[in-house]
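# Overview (structure and organization)
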Amino acid sequence: MQCDYFDAGLCRSCTLMGVPYAAQLAEKQARVEGLLAPHLAGPAAAVWGEPVASVESGFRAKAKMVVGGTVAAPTLGILDGQRRGVDLRRCGVIAAPILDALPAIAAFITTAGLTPYSVPERRGELKNVILTLGADGLLMVRFVTRTADGLERVRRQLPALLTAVPAAHVVTVNLLPEHKAVLEGEVEHVLTPARALPMRVGDVELAALPQSFVQTNTAVAGELYRQAAAWVDEVGPASVADLYCGVGGFALHAAGAPGSGRQVVGVEVSRDAVASAELARDARYRRDDDRARIRFVADDALEWARQEAALPELVVVNPPRRGLGEPLATLLAERGPETVVYSSCNPDTLARDLAAMPGYRVERARVVDMFPQTTHVEVLTLLRRTGR
Ligand SMILES: C[S@@+](CC[C@H](N)C(=O)[O-])C[C@H]1O[C@@H](n2cnc3c(N)ncnc32)[C@H](O)[C@@H]1O
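Keep in mind it's a predicted model, so treat the numbers as computed, not measured.

## A word on the layout of surface pockets
The space that makes up the second largest pocket amounts to roughly 320 Å³. As for the second largest pocket, its lining consists of 15 residues, of which L79, V119, K180, A181 and V182 are closest to the centre. Taken together, the elements giving at least two residues each to the lining of the second largest pocket come down to β1 (62–69) and β4 (126–133). A per-class count over the lining of the second largest pocket returns 9 nonpolar, 2 polar and 4 charged.

## Structural notes on the packing of aromatic side chains
Inspection of the entire model under this criterion finds 2 aromatic pairs. Geometrically, the ring pair formed by F108 and F143 is tilted, given 5.5 Å between the ring centres and 50 degrees between the ring planes. Residue F108 is located in helix α4 (residues 96–111), and its partner F143 is located in strand β5 (residues 139–145); the two are separated by 35 residues in the primary sequence. Using a relative accessible area of 0% as the deciding quantity, one classes F143 as buried. Between R12 and the ring centre of F6, over which it is positioned, the NZ or CZ distance is 4.2 Å. Seen from the ring of Y117, K127 lies directly overhead, with NZ or CZ sitting 4.6 Å from the centre.

## Section: the domain arrangement of the protein
Domain annotation for the protein reports domain 1 (12–56 + 202–385) and domain 2 (62–194). Computed over C-alpha atoms, the centres of domain 1 and domain 2 are 31 Å apart. Between domain 1 and domain 2, the buried area comes to about 820 Å², and carbon and sulfur atoms account for 58% of it. It is P210, Q211 and V214 in domain 1 that bury the most area against domain 2; as a group they hold 58% of the surface buried on that side. In this structure, the connection of domain 1 to domain 2 is made through 4 residue pairs in polar contact (both at pLDDT 80 or more). Partitioning the side of domain 1 that touches domain 2 into residue classes produces 6 nonpolar, 3 polar and no charged.

## Considering the site of the ligand
Looking at the ligand, there are 16 residues lining it, with Q215, Y225, E268, D300 and N318 nearest. Within the backbone of A301, one N or O atom sits 2.9 Å away from a nitrogen atom of the ligand. Between the ligand and R322 there is a distance of 2.9 Å, counted from a nitrogen atom to a side-chain nitrogen or oxygen. Within the complex, 89% of the 600 Å² of free accessible area of the ligand lies under protein. Class assignment of the residues belonging to the shell around the ligand gives a composition of 9 nonpolar, 3 polar and 4 charged.

Cut-off values and rules
Residues numbered from 1 in each chain as written. Predicted model: local features only at pLDDT ≥ 70, side-chain atom pairs only at ≥ 80, totals over all residues. Heavy atoms only, no water. 1 Å grid on protein atoms, 1.4 Å probe; cavity = no way out; pocket = protein on both sides within 12 Å on 5 of 7 lines; lining within 4 Å. Points joined across faces, edges and corners; volume = space filled by probe spheres on them. Helix = DSSP H or I, 4+ residues; strand = E, 2+ residues; numbered from the N terminus. Nonpolar A, V, L, I, M, F, W, Y, C, P; charged D, E, K, R; others polar. Phe/Tyr/Trp six-rings, centres within 6.5 Å; stacked < 30°, edge-to-face > 60°. Buried < 20%, exposed > 50% of the residue type's maximum accessible area, 1.4 Å probe, protein only. Lys NZ or Arg CZ within 6 Å of the ring centre and 35° of its normal. Domains from an automatic or database assignment. Buried area = accessible area lost by both parts, 1.4 Å probe. Polar contact = N/O pair within 3.5 Å; in protein donor to acceptor, adjacent residues only side chain to side chain. Near = heavy atom within 4 Å. Areas by Shrake-Rupley, 256 points an atom, 1.4 Å probe, with all protein chains shown as cover.

The following block contains the structure:
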């Protein structure tokens, strides 16, 4: 893939830009195979399946645009070394329906009088605009502002925004008063009747409330969930836990058909994500017995596991980049089930966690390329006990 912003040195976020996609995928496969080699249950050829490839461009369903420039000429993109705005509104890895909305978003910033926040001067109002693409081209548009003045400006001009961006299904204002290098704050005001963005991922319609994590690459995430569900079905457990479940992608794929009877519990620290998962479950399953057998709890994964007298027959884990960490890896090593499905967005912490779980071996594995043009990669593994 070629990118004018990369070639001009304006943005270097996609560190592999210009490297042929087949070479990117082969390099990722080789690197991950090397890291996991000490932990395999058998010969590499028997463990590793085909990598799941992505389209090379337009795959990002989430765009986090930092706002810079002036009210009259805002930039949507990143900040440069001097913390000034760089406009990236034609970024080629972002999904087209999001790019299509950006000119109208920029015009809205001007008409609503939302002064872009200047990091060097610590002045201004609008910090970021975060867009997510859902099912049927629907968008969630979140304005991250410094004060309630920004909130009122967006609220007053909302009808104009909805006319200019008809795909905007959920519009929110997130307040971030502190001068901090984070993307968003804790307080969120939803301005539209719809609070959740529907997202069709794999075989399930998920729902995303504003402050919940969703995977970046919807098509590849669908393949990830399908593969995990296929492995779960091969094992056929009566009960499954999905730790770090987010909006419930793994849990709802593993829950099976209505009436399957499989007990599923998703554990997730974000309340918005838990509420999102419950919305998706209730839309998918109409029967009370299904709703009762698929539960989501807002808790820390480690604390939850510590409190469970007996863990479910199969555990799925999908932690953030830092991985499980020593305490949870050790807990699983000591009293985890026969089978663990570990999906990792950081092969280094995956390898570190596997070293702390010596009773498990990697029986199946696949590289899942959620993040083309970067060195980041998702790895899905099926771990089986070989003894304690
Ligand atoms: C990589 S995301 C995976 C989410 C989900 N499995 C998916 O496929 O979208 C990691 C998730 O872990 C959650 N999380 C972070 N720390 C946690 C903790 N200590 N306990 C439980 N969940 C946590 C985050 O809120 C986030 O939703």
